[in-house]
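Breakdown of the fold
The residues making up each chain are set out below.
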Amino acid sequence: MIYLKSVLNVIDNSGAAMVECVNVLGKGNKTAGRVGDRIVVVVQSIRSAKLLAQTSAQNRVQRGDVRHAVIVRTKKEFQRQDGTVVRFDDNACVLINKQGEPIGTRIMGVVARELQQGYAKIVALAPKVV
């Protein structure tokens, strides 16, 4: 469950390392975000320049930028329709643009299967889907 002021890891190569949630976008006055939800974040820290050699200059983010993101992993467990309970080691997200496409060109780490409905491009870039 991702709330206001929650800190998340960024698992793409957009340039951000850690972000802070400032708003959960969705239906009604939703206060908590789950896997697959879109959120508004502020970039708190960025990755070093040598790790970003493949990323183009227009896709890099700076500290303090306000961006949209989609939640791909949460520490809080959730139950799927088939009864399995899934929990990850950290809270993580992928930065996206206004159209819902990822800003980065690579994703490091696993993502949840629940992203297949709305964010197929993220699932395609991920090395493993759980």
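Notes on the structure follow. (Residues numbered from 1 in each chain as written. Predicted model: local features only at pLDDT ≥ 70, side-chain atom pairs only at ≥ 80, totals over all residues. Heavy atoms only, no water.)

Counting secondary structure elements, the chain contains one helix and nine strands. Ordered by position in the sequence, the α and β elements of the chain form the string β-β-β-β-β-β-β-β-α-β. Each principal axis of the C-alpha atoms in the chain carries an extent, and together these give about 45 × 30 × 25 Å. With 130 residues in all, the chain has 45% of them scored as buried. (Helix = DSSP H or I, 4+ residues; strand = E, 2+ residues; numbered from the N terminus. Buried < 20%, exposed > 50% of the residue type's maximum accessible area, 1.4 Å probe, protein only.)

Quick look at the pairing of strand E3 (residues 38-46) now. With seven bridges connecting them, strand E2 (residues 16-24) and E3 associate as antiparallel partners. The residue bridging Asn23 from the neighbouring strand is Val40, located in E3. Taken together, the five bridges between E3 and strand E4 (residues 66-73) define a ladder with antiparallel strand orientation. Paired with Val41 across the two strands is Arg67, which belongs to E4. (Pairing = 2+ DSSP bridges.)

Glancing now at the nonpolar core. Counting 16 residues, the largest nonpolar core has Leu8, Ala16, Val19, Ile39 and Leu95 as the members making the most contacts within it. For this core, the elements supplying multiple residues, two or more each, are strand E1 (7-10), E2, E3, E4 and strand E7 (92-96). In terms of nonpolar packing, the next biggest core, distinct from the first, is built from 13 residues, Ile11, Val72, Val94 and Ile122 among them. (Core = buried A, V, L, I, M, F, W, Y, C linked by side-chain atoms within 4.5 Å.)

Note that Asn13 resides in the loop between E1 and E2. From its side chain, Asn13 meets the backbone nitrogen of Thr105 in a polar contact 2.7 Å long. (Polar contact = N/O pair within 3.5 Å; in protein donor to acceptor, adjacent residues only side chain to side chain.)

To continue, consider unusual backbone geometry. Phi is positive for Lys5, close to 75°, though the residue is something other than glycine. Along the chain, Lys5 falls in the segment before E1.

This model, assessed by the stated rule, comprises zero disulfides. Unpaired in this structure, Cys21 has its nearest cysteine sulfur neighbour in Cys93, at a distance of 9.0 Å. Residue class for Cys93 comes out buried when judged on its relative accessible area of 0%. (Disulfide = S-S within 2.5 Å.)

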